[in-house]
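Residues per chain are reported as follows:
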Amino acid sequence: MSPTPDPFTHVELTWIEKRIEHWIRFGHDVSEKILDRRRRVLSFAPGSILAYIRWASNDFGTVVSRIDILRTVHPGEPFSTVPFVRPGGEILLRLSGWPKVERVLRAIDAVEALGIDPTDAAPDHWRHIHNRLIASGEPRPYARDQHSAWLKRRRIAS
């Protein structure tokens, strides 16, 4: 009998001050495993939405600034691989370069300012932000009526 596949998505976080910083901007983990003083692994249930930020520098400045907003997958679902995320996830947004990362962080703040948990925002909103910023456009802000429509659509689908 084969073992049951692990249903969780595991994200490794690293913090070496001013050198490597991987952190979760939003998302609801179900468990945490501390590996050592600088590393830990957070686990997320299938279907969770999370924002994962990776930043690294060297003696000459920043070398990596990246944000990924992912939906964690159920066992057997297709997924894209993302460094330090096992097995991977459905990519809703993937941007690099600090100016774009900063704009995404402001968009997350704007969703929170509406009193909405970013994990509950419509996945299409994160895709929209990705597409607009890739094309050097201005993304539309998330709106309460858009959120209400998303919640109704999600309720009907389940």
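My aim in this report is to walk through the structure given alongside it, one point at a time. Given the structure is predicted, the values throughout are model-derived calculations rather than measurements.

### Re the nonpolar core
- Membership of the largest hydrophobic core comes to 23 residues, with the highest contact counts inside it found for Ile67, Ile69, Leu93, Val104, Ile108 and Trp126.
- For this core, the elements supplying multiple residues, two or more each, are strand E5 (49-58), strand E6 (61-71), strand E8 (85-96), helix H1 (98-113) and helix H2 (123-134).
- When residues in this core are grouped by element, the largest group, six residues, is from H1.
- Beyond its immediate chain neighbours, meaning those up to four positions away, Ile67 contacts Ala51, Tyr52, Ile53, Leu93, Arg94, Leu95, Val101, Val104, Leu105 and Ile108.

### Thoughts on the packing of H1 against H2
- Between H1 and H2, the shortest axis-to-axis distance is 11 Å and the interhelical angle comes to 150°. Here H2 runs roughly antiparallel to H1, going by the angle between their axes. Where H1 crosses over H2, the handedness of that crossing is right-handed. Together, Lys100, Arg103, Val104, Ala107, Ile108 and Val111 of H1 and His125, Trp126, Ile129, Leu133 and Ile134 of H2 make up the contact between the two elements.
- Of the residues belonging to the contact of H1 with H2, the class tally is eight nonpolar, one polar and two charged.

### Let's talk about the environment of Gly89
- Topologically, Gly89 is positioned in strand E8.
- Under the relative-accessibility criterion, Gly89 is labelled buried at 1%.
- Sequence separation of Gly89 and Gly47 is 42 residues, and the distance between their C-alpha atoms is 9.4 Å.
- Residues within four places of Gly89 in sequence aside, it is in contact with Arg71, Val73, Phe79 and Ser80.

### A few points about the pairing of E8
- Relative to E8, strand E1 (residues 9-16) runs antiparallel, the two sharing two bridges. Looking across to E8, one finds that Val11 is bridged to Val85.
- Here six bridges tie E6 to E8, and the two strands are oriented antiparallel to one another. Residue pairing in the sheet places Ile69 in a bridge with Leu93 of E8.
- Where strand E7 (residues 80-82) folds back on E8, the antiparallel hairpin that results is connected by two residues, among which Phe84 adopts a positive phi of roughly 70°.

About the cut-offs
- Residues numbered from 1 in each chain as written.
- Predicted model: local features only at pLDDT ≥ 70, side-chain atom pairs only at ≥ 80, totals over all residues.
- Heavy atoms only, no water.
- Core = buried A, V, L, I, M, F, W, Y, C linked by side-chain atoms within 4.5 Å.
- Buried < 20%, exposed > 50% of the residue type's maximum accessible area, 1.4 Å probe, protein only.
- Helix = DSSP H or I, 4+ residues; strand = E, 2+ residues; numbered from the N terminus.
- Contact = heavy atoms within 4.5 Å.
- Axes fitted to C-alpha atoms, helices over the stretch in contact; angles between N-to-C directions.
- Parallel < 35°, antiparallel > 145°, perpendicular 65-115°, else oblique.
- Left-handed = near helix turned anticlockwise from the far one by under 90°.
- Nonpolar A, V, L, I, M, F, W, Y, C, P; charged D, E, K, R; others polar.
- Pairing = 2+ DSSP bridges.

Function cannot be inferred from these measures alone, as they are strictly geometric.
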